Amino acid sequence: DQQVKQNSPSLSVQEGRISILNCDYTNSMFDYFLWYKKYPAEGPTFLISISSIKDKNEDGRFTVFLNKSAKHLSLHIVPSQPGDSAVYFCAAIIKGGSEKLVFGKGTKLTVNP
Amino acid sequence: NAGVTQTPKFQVLKTGQSMTLQCAQDMNHEYMSWYRQDPGMGLRLIHYSVGAGITDQGEVPNGYNVSRSTTEDFPLRLLSAAPSQTSVYFCASRDKGGSNQPQHFGDGTRLSIL
């Protein structure tokens, strides 16, 4: 059973607009969440993270929101740029637990000029 | 600073052959992991290591072996390759300081089993 779900395989937005990527999780033991960005033929790179004790974390154009009661998080990119076109993976982990970082299936974002 | 280096980048094997995927990191990270990425499946953890001499199984360990004799290297061995192991394999490492530390990934090994 999938513990981290990204239900939208793809998303297309116009340059300058907001991109919102969503992620749901089922395991209430997860207490730290990360977003990774992946370009073709490259490995994933860390983008932004959030602890379960917070509901928002911001880093430049990227903001992650966490709604613990709904077991939902979202990544907002404002403004979107063509270079943001990539696959975005949501991941979750239990801090202090094993190294078992659990990934979603990813959402392919396309930002059109 | 090379980060995480994976070799080879591409490999084609025949069913039943064995091979080792190499992974090396130069960041003195204690934690290293292997993932596989399949279409529509995201990344799944195969094996991981929390330090030299210590390894453990992830979500999909069957058919793979690992060892960690040094901090820098974490090779992944396929003992008898099967078509189901056709995938893109990523090695990752992270620093100590908590499992919330972000992982650094290599660029992957694309493996095809015929």
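As a reminder, the structure under discussion sits directly above these lines.
I will try to describe carefully the structure that is included in this document. (Residues numbered from 1 in each chain as written. Chains lettered and ligands numbered in written order. Predicted model: local features only at pLDDT ≥ 70, side-chain atom pairs only at ≥ 80, totals over all residues. Heavy atoms only, no water.)

1. With respect to the overall build of chain B
- Counting its secondary structure elements, chain B contains 0 helices and 11 strands.
- Beginning at the N terminus, the succession of helices and strands in chain B can be written as β-β-β-β-β-β-β-β-β-β-β.
- For 114 residues, the compact-globule estimate of 2.2 N^0.38 gives 13 Å, and chain B sits close to it at 13 Å.
- The burial tally for chain B puts 47% of its 114 residues in the buried class.
- Excluding contacts between residues fewer than 6 apart, the proportion of contacts in chain B whose partners are at least 24 apart in sequence is 54%.
- Of the roughly 5,200 Å² that chain B leaves accessible, carbon and sulfur atoms contribute 49%. (Helix = DSSP H or I, 4+ residues; strand = E, 2+ residues; numbered from the N terminus. Rg over C-alpha atoms; globule rule 2.2 N^0.38 Å. Buried < 20%, exposed > 50% of the residue type's maximum accessible area, 1.4 Å probe, protein only. Contact = heavy atoms within 4.5 Å. Areas by Shrake-Rupley, 256 points an atom, 1.4 Å probe, with all protein chains shown as cover.)

2. Side note on the sheet that holds strand 1 (residues 4–7) of chain B
Residues and elements named next belong to chain B.
- Spatial ordering of the open sheet is given by 1-3-8-7, a layout of 4 strands whose pairing is antiparallel. On the outer flanks of this sheet lie strand 1 and strand 7 (64–66), each paired with one strand and no other. Across the sheet, the mean angle separating the axes of adjacent strands is 20° when strand polarity is ignored.
- Judged from the 4 bridges that link them, strand 1 and strand 3 (residues 19–25) form a sheet pairing that is antiparallel. Bridged to glutamine 6 within strand 3 is cysteine 23. (Pairing = 2+ DSSP bridges. Axes fitted to C-alpha atoms, helices over the stretch in contact; angles between N-to-C directions.)

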